[in-house]
Amino acid sequence: MQKSFNAFSLTLLLVLLVLPEFGIAQNKLNIAVRLDEENRLLTIQQDVSFVNTSSDTLEVIYFNDWANSFASKRSELGVRFEENYDRRFHLAPEEDRGSSKINNIIDENFRNLEFKRLPKAEDILVVNLNKPLLPGESQKIKMHYNIRVPDSRFTGYGALNNGDYNLKYWFIAPAVYDGEWQYYSNKNLDDLYMAPTDFSIDFSFQSDFQLINELDTKPEELSANTQFKTVHLEGDNRNNTTIYLRKKSEFDITETDAFTVITNIKDKKVIPEREAIIIDKITGFLTEKLGDYPFDKLVISVIDYRDNPVYGLNQLPDFLSPFPEDFKYELKILKTTVDNYIDRTLYINPRKDRWISDAIKMYTMMQYMDHFYPNLKVVGTLNRYWVARQFHLSEMEFNEQFNLLYLHMARMNLDQPLTTPSDSLIKFNKNIANAYKAGSGFNYLSEYLSDEIVEESIDAFYSQNKLRLTSSKAFEAILREKAPKNLDWFFDDFVSTRKTIDFKFNEVKRQGDSIAIEVRNKTKAKVPVPVYAMYKDSIISKTWVEPFVGEKDTVIYAPGADRVVLNEEGFIPEFNRRNNYKKINPFLGVNKPFQFKLFQDLEDPAKNQVFFMPVAEYNFYDGIKLGAKMYNKTILQKPFSYKIEPQYGLKSNQLTGSAGFSYTQNLDEGNLFAIRFGAGGSLSSYAPDALYKTLSPFLTFAFRESDFRSDRRQYLTIRNINVYRDESNVIQNDDPNYSVFNFQYTNSSPGIINSLSYNADFELSQKFSKFSVTAKYRRVFLNNRQLDLRFFGGTFLYNDTRSQGDYFSFALDRPTDYLFSYNYYGRSEDTGIYSQQLIIAEGGFKSKLDTPFGNQWITSVNASTTLWNFIHGYVDFGLVKNEGDPARFLYDSGIRTVLVEDYFELFFPVYSSKGWEIAQPDYDQKIRFIVTLDLRTMLKLFTRKWY
């Protein structure tokens, strides 16, 4: 018994001795740094005290050296810029990019420690220890290194043009070990993961700088020569520290009842007193909702807001903005304060477990808006105008836009699970959709459980895990304990998958004062849904149908109800709410009224919407074409869409136009992500005295990579183009009507640094059949020179149209476009400005040579490269074969001016098979141009980086 007691006592003593190491001891960083402004260089002496808080023995320690992520254009950071269609880093000279240089790393006994950088992660250091680090022990390491500060134009952080500095991730930080090492490269996602750390920093810089930081600051000390001053910074339980150096500080200090806010977010139209009231209002709300902020100061900057703004109508320019200036300022301060408040106090892995902090941030913002602006609409003050009130958008509550922006991605079949690591998210999902879905998810929970349960769970999670390493699992455990209902649906389906939510009614029958309904779950998302009994616009009852898959019967008590509605209040981010309405006794089976509106609007699920819009187009033969478009497309994509667009040509005095419909079936799993089919037709002039009509049914299969961030796409399209042409006295067309079956495969990877695409095309008609292959490659080299290469090869399998001219032949420089697929402004012109329009297709030549067509086969190579800035040189060469003639070798060359690549370009021929073209008569008629006036095509140039 005595031995057992002694053993127990010894064990207890060991536990008491070791416990402080686990519970209190943590990493410490003592940093002495000096800024060499002239060379943009930081010289750093750093002492690291790393505590092994795990139960494992460690042989190495990993460090995040994110300053070195700028050292190479092929680093993870450089590749990320490239994936986001941002060339600035790739084109930057070496002196503008940052790096780190490790001079030495030693232990507390001044013995050298071996270290290396990971082969594919240049910003991760691995330091080998001289002896194993046991659980509960600490290891002291001394580092001496230099940081070359990058230019701020890449991320907003670094050296500014005016000589100021924004310094973030400027020191080497120990990685987190929680059973395995949590390290990853910098990808400009603002997501360094650090354990709670005690900082002690002596920062020396030229005396004309001011230092802004949220650590505790000791009085400045001037050096003996007064050229440098040193600021001492201290802070415990921190996970990072950003430093702003200013020769003339634009940061203002606001003392609130909760803590001090330091910010350079300003609005010239908001007076300082009003700014102070807004900041105090926000800090008071956050303190009440989340608990006391554990530090004395919080710095929020313009860069913080720029990286994570509130997306919506509030971002419109001042002359268009529907919100007053002080409200826009309040939104900026609110969003940035909430973000920094959570990030500084909840230490969650921001790359692997970001959704829980996003959910708390967005839900807190939504609560703020509900509390202070319960009646605010998303259109703001525009709601006072009668014209604005005619749009359903004017009825949308401010907080409803968060569901809308998530559903935008779901409708495009680009949504990703909330648990997706942030570096695997599409930019739109990372910046907008996933955070908004996470906040909407908490709002969904608060309706299903109660506001009190969700708020109490957030409060408990925050108070129990503040300033500690934690995760979403800790929140899940708290919420499950407080909730009276099973929440598997939320964590297993809503959070962890990309399953969309979509319900509809199968049957609805009145049974006295009750209504018997059968609800169908159209997807595999097993989530609850509320059923509303309504009379006109009033809610009579609300009944929750618990999670199910397939069909479910239920009976609701609803005396006097004239219809039932699913998700009437719209707090569930449902994929399609248009099928949520069912009348008890519908007239002629119509459950929703029709609504006809001028101009496109937000989708109103309670109505069958038809939109009208005036349109104006132009071609040389019809002149300006005025008309109207009738369609059903809204801001959100729909599976089924149609468009009817009659027009009248003011020059031709002819009725023209187009019509079409399509249906897209999105697929959630596998590389085949969409099947689209439909038909379209058009009527327009192709000559001064003749019209053409086309009718084209089609079927397209779309494929993508498993990695949604990859821009590689594959398309398989089958279509049949039927063409009917009027006879013309200007254009010879012995056989004006024809039908072409077309089979096309396209493989495209349109990167901004490396771009490769190729396609194969097969055509079959009564009198001909042909096959062609096109490949395009674009490369931007590290010396900023660009190379464009294109290959085309095509051959007739049989051709019985040769006696009728070259209408169906391969073209060297200007295809005849017998399928009417190209946007020619004057498709039948062979002289004048319209004949100079260039569309890079088939041969792709720029000069008009003596053999412009090939009725047997053709091959060509088009190349261009940078000469200086937007001035490129080009060369084309190829072989053209006509029946009965030998193959002819042809070539041309010249200058290409690239104003907007592929959209606005000019080509100036210099030398070709015809000799020196620049010295020949009528040179101005030889110049070719590419001009794109289609707004939808131009829009892709600006949106491609988001999707």
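Scroll up to find the structure.
Remember, predicted model here, so these are calculated numbers, not experimental data.

The rules behind the values
- Residues numbered from 1 in each chain as written.
- Predicted model: local features only at pLDDT ≥ 70, side-chain atom pairs only at ≥ 80, totals over all residues.
- Heavy atoms only, no water.
- Helix = DSSP H or I, 4+ residues; strand = E, 2+ residues; numbered from the N terminus.
- Rg over C-alpha atoms; globule rule 2.2 N^0.38 Å.
- Buried < 20%, exposed > 50% of the residue type's maximum accessible area, 1.4 Å probe, protein only.
- Areas by Shrake-Rupley, 256 points an atom, 1.4 Å probe, with all protein chains shown as cover.
- Lys, Arg positive; Asp, Glu negative; His and termini not counted.
- Charge placed at Lys NZ, Arg CZ, Asp CG, Glu CD.
- Polar contact = N/O pair within 3.5 Å; in protein donor to acceptor, adjacent residues only side chain to side chain.
- Contact = heavy atoms within 4.5 Å.
- Patch = residues over 30% accessible without salt bridge, like charges linked within 9 Å, V, L, I, M, F, W, Y side chains within 5 Å.
- Salt bridge = Lys/Arg side-chain N within 4 Å of Asp/Glu carboxyl O.
- Pairing = 2+ DSSP bridges.
- Phe/Tyr/Trp six-rings, centres within 6.5 Å; stacked < 30°, edge-to-face > 60°.
- Lys NZ or Arg CZ within 6 Å of the ring centre and 35° of its normal.

Peer 1: Before we go on, may I ask you to explain the overall build of the protein in this structure?
Peer 2: Along the backbone of the protein there are 14 helices and 50 strands. What you see for the protein is a C-alpha radius of gyration of 33 Å, in line with the 30 Å of a compact globule of 947 residues. Overall, the protein is about 110 × 85 × 65 Å in size when its C-alpha atoms are taken along their principal axes. Out of the 947 residues belonging to the protein, those deemed buried represent 53%. Accessible surface, the protein as shown: approximately 42,700 Å² in total, 54% of it carbon and sulfur. If the 113 positive side-chain charges of the protein are averaged to one point and the 124 negative ones to another, these points end up 3 Å apart.

Peer 1: Just to check I follow, could you spell out the side chain of Thr 470 for this structure?
Peer 2: Within the fold, Thr 470 resides in strand β23 (residues 469–470). Within polar-contact distance, the side chain of Thr 470 engages the side chain of Asn 465 at 2.9 Å. Each residue touching Thr 470, except ones within four places of it in the same chain, is listed here: Tyr 347, Ile 348, Asn 349, Phe 461 and Asn 465.

Peer 1: What am I meant to see in a negative patch on the surface here?
Peer 2: Taken together, the side chains of Asp 370, Asp 451, Glu 452, Glu 456 and Asp 459 define an acidic patch exposed on the protein surface. Element by element, the count of residues in the negative patch is highest for helix α11 (residues 451–465), at four residues. Here Glu 456 shows up in helix α11.

Peer 1: Help me understand the pairing of strand β34 (residues 640–649), please; the structure alone is not making it clear to me.
Peer 2: A regular strand places its side chains so that they alternate between the two faces of the sheet. Both strand β33 (residues 623–631) and β34 contribute to a ladder of five bridges, which runs antiparallel. Following the sheet pairing, Lys 625 is matched in β34 by Gly 649. From the end of β34 to the start of strand β35 (residues 654–666), which pair antiparallel, there are four residues, and Asn 653 there has a positive phi angle of about 55 degrees.

Peer 1: Looking at this model, I keep getting lost on the packing of aromatic side chains. Mind explaining?
Peer 2: When we look at a pair of aromatic rings, we describe it by the centre distance and by the angle of the planes. All told, the structure shown has 71 aromatic pairs when counted by the stated rule. Residues Phe 640 and Phe 661 carry aromatic rings whose centres are separated by 6.4 Å and whose planes lie at 40 degrees to one another, so their mutual orientation is tilted. In this pair, Phe 640 is assigned in strand β34 and Phe 661 in strand β35, connecting sequence segments 21 residues apart. Geometry around Phe 228 places Arg 34 over its ring, the cationic atom sitting 4.1 Å from the centre.

Peer 1: Teacher, can you tell me more about the pattern of salt bridges here?
Peer 2: A side chain with one charge can pair with a side chain of the opposite charge if their charged atoms come near. As enumerated under the stated definition, the model contains 54 salt bridges in all. When the shortest N-O distance is used, the salt bridge between Lys 266 and Asp 252 registers 3.5 Å. Here Lys 266 is found in the loop between β20 (260–263) and α4 (272–290), whereas its partner Asp 252 is found in strand β19 (residues 252–255), with 14 residues between them in sequence. For Lys 266, a relative accessible area of 40% corresponds to the partly exposed category. For Asp 252, a relative accessible area of 33% translates into the label partly exposed. A salt bridge links Arg 480 to Glu 476, with the nearest nitrogen and oxygen atoms 3.0 Å apart. Taken together, the positions of Arg 480 and Glu 476, both in helix α12 (residues 472–482) and four residues apart, correspond to about one turn of that helix.

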